[in-house]
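These are the residues of each chain, in order.
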Amino acid sequence: MAGIAHRRILLKLSGEALMGPDAFGYHAETMAGFVRQIDEVVGLGVQVGIVVGGGNLFRGATGALSGMDRATADSMGMLATVMNSLALKDALMAAGIPAQVMTAVTIAHVGEGFERDAAVRHLEAGRVVIFGGGTGNPFFTTDTAAALRAAEIGADLMLKATKVDGVYTADPKKDPSATKYDQLTFDEAIAKGLGVLDTAAFALCREQKMPLRVFSIFKAGALRRIVHGENEGTLVTL
């Protein structure tokens, strides 16, 4: 593992990313691109944990806005993340990459219930561990679940995969004058209301001294460059 800067990572992948250019569900070519990037770093010996969102299937916040009870809507969102975890596991396994789903919500015959020591054993055995079910509780986002799992497994780095190549002063699609930050502190990100993660996730990363890198998962080789320590995207630290 010579030249590897990060030996255990936690990747937060949104459900919307799995859609690619589609409006719902999964886009096969996009999923295949993610699998190739994960395969590259697994091949280097990097241990990879993944938290996946559920926005391509159902978002709890959206359900609540339409009049559904928020706790019920969030429970449905958790189930969507489990479905996405299974889809991602299937894609990884089809590519010959060992993978295991662990869920915060117990669903027999679907995945293991989350347990920290077991998750670490899977990682050390070379399996990609996909954490579904969010935190297992309503009112918490999958960003917070990612920060929580990153801390629990002792990750060297948390990665937030997005459609843009880092954190900008404004939405670069709406404001052509927006500029990218190469590095930020957690306090700056919270104070500026940049919205890359929710405040609870930022606060947990800050408390646990967990560095966060925001990058575009759609750039070929980005994940490999990050584990080699290259300056990809935006780094958020203390």
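What counts as what
Counting restarts for each chain, with residues numbered from 1 along the sequence as it is written. For a predicted model such as this one, the threshold for reporting local features is a pLDDT of at least 70, and the threshold for listing and counting side-chain atom pairs is 80 or more; totals across whole chains, interfaces and linings nevertheless cover every residue. Values reported for side chains reflect all heavy atoms of the structure, with hydrogen atoms and water molecules removed beforehand. By nonpolar core is meant a set of buried Ala, Val, Leu, Ile, Met, Phe, Trp, Tyr and Cys residues that side-chain atoms within 4.5 Å join together. Type-normalised accessible area, obtained with a 1.4 Å probe on protein chains alone, sets the label of each residue: buried when under 20%, exposed when over 50%, and partly exposed for intermediate values. In this text, helices come from DSSP runs of H or I with a minimum length of four residues, and strands from runs of E with a minimum of two, each type numbered from the N-terminal end. The salt bridge definition used is simple: a Lys or Arg side-chain nitrogen within 4 Å of an Asp or Glu carboxyl oxygen. Residue contacts are counted whenever heavy atoms from the two residues lie within 4.5 Å of one another. Throughout, an axis means a line fitted to C-alpha atoms (over the contacting stretch in the case of helices), and angles, computed between N-to-C directions, take values from 0 to 180 degrees. Left-handed describes a crossing whose near helix is turned anticlockwise from the far helix by less than a right angle; the clockwise case is right-handed. Gly falls in the polar group here, along with every residue not listed as nonpolar (Ala, Val, Leu, Ile, Met, Phe, Trp, Tyr, Cys, Pro) or charged (Asp, Glu, Lys, Arg). Strand pairing requires that DSSP identify at least two bridges connecting the strands. Working note: the arc is built from the helix axis to C-beta atom directions. Note on aromatic pairs: the rings of Phe, Tyr and Trp (six-membered ring only in Trp) are paired at centre separations within 6.5 Å, and the planes decide the class, stacked below 30 degrees, edge-to-face beyond 60, tilted for the rest. Placement of a positive charge over a ring is assigned whenever Lys NZ or Arg CZ falls within 6 Å of the ring centre and within 35 degrees of the normal to the ring plane.

What about the nonpolar core?
One broad trend across soluble globular proteins is that nonpolar side chains are buried collectively. Among the nonpolar cores identified, the biggest contains 32 residues, and L13, L92, V128 and F215 are the most heavily contacted of them. The element that contributes the greatest number of residues to this core is helix α2 (residues 28-43), accounting for 6 residues. With 31 residues, the next largest nonpolar core counts V129, V167, Y181 and L204 among its residues.

Observations regarding the pattern of salt bridges
All chains considered together, the criterion is met by 12 salt bridges. Where D187 meets R206, a salt bridge forms, and the shortest distance between an N and an O atom there is 2.5 Å. Linking D187 in helix α7 (residues 186-191) with R206 in helix α8 (residues 199-207), this pair joins segments that are 19 residues apart in sequence. The salt bridge involving K219 is made with E232; its shortest N-O contact spans 2.9 Å. Placement of the pair is K219 in the loop between β10 (212-216) and α9 (222-227) and E232 in the loop between α9 and β11 (234-237), with a sequence separation of 13 residues. One network of salt bridges, in which partners are shared, links K12, D143 and K160.

Section: the side chain of T142
Tracing the backbone shows T142 in helix α6 (residues 142-152). In this structure T142 touches K12, V51, V52, G53, T81 and G134, once residues within four positions along its chain are discounted.

A few points about the packing of α2 against helix α4 (residues 70-94)
For any two helices packed against each other, the geometry is given by the interaxial angle and the distance between the axes. Packing of α2 against α4 leaves a shortest axis separation of 10 Å and a crossing angle of 65°. Judged by the twist between their axes, the crossing of α2 over α4 is right-handed. Residues M31, V35 and I38 of α2 lie in contact with α4, whose contacting residues are A87, L88, A91 and L92. Class assignment of the residues belonging to the contact of α2 with α4 gives a composition of 7 nonpolar, no polar and no charged.

Details of the pairing of strand β1 (residues 8-13)
Across the 6 residues that make up β1, a large majority, 6, are buried. The two faces of β1 match: R8, L10 and K12 on one face and I9, L11 and L13 on the other face are all buried. Bridging between β1 and strand β2 (residues 47-52) involves 6 bridges; their strand directions are parallel. Bridging across to β2, K12 finds its partner in V51.

Here we look at the sheet that holds strand β6 (residues 157-162)
A sheet is described by the order of its strands in space; here 9 strands give the open sequence β4-β3-β5-β2-β1-β6-β10-β11-β9, paired in mixed fashion. Strand pairing shows two members of the sheet lacking a second neighbour, β4 (112-113) and β9 (183-185), which therefore form its edges. Packed on one face of the sheet, α4 meets β1, β2, β3 (99-103) and β5 (128-132) and runs near 165° to β5. Here α6 sits on the sheet and contacts β1, β2, β5 and β6; the angle it forms with β1, its principal contact strand, is near 175°.

A few points about the environment of V46
Here V46 shows up in the loop between α2 and β2. As for V46 and I4, which are separated by 42 residues in sequence, their C-alpha atoms are 8.1 Å apart.

Notes on α8
Those residues of α8 lying buried are A201, F202, L204 and C205. Down the axis of α8, the smallest arc covering the buried residues is 165°, so these residues share one side. Looking at α8, the residues exposed on the side facing more than 90 degrees away from the buried face are T199 and E207. The elements touched by buried residues of α8 are α6, β6, α7, β10 and β11.

Describing helix α5 (residues 116-124)
Regarding α5, the residues found buried are A118, A119, V120, H122 and L123. In the core, the buried residues of α5 are packed alongside β1, β2, β3, β4 and β5.

Some details on the packing of aromatic side chains
By the definition in use, this model includes 3 aromatic pairs. Each ring, one from F34 and one from F218, has its centre 5.5 Å from the other, and the planes form 70°; the classification is edge-to-face. One end of the pair, F34, is in helix α2; the other, F218, is in the loop between β10 and α9, with 184 residues separating them in the sequence. Residue class for F218 comes out partly exposed when judged on its relative accessible area of 40%. Where F114 meets F131, the ring centres are 5.6 Å apart and the plane angle is 75°; that geometry is what we call edge-to-face. Of this pair, F114 sits in the loop between β4 and α5 while F131 sits in strand β5, placing them 17 residues apart in sequence. Over the face of the ring belonging to F114 we find R149, whose NZ or CZ atom lies 3.8 Å from the ring centre.

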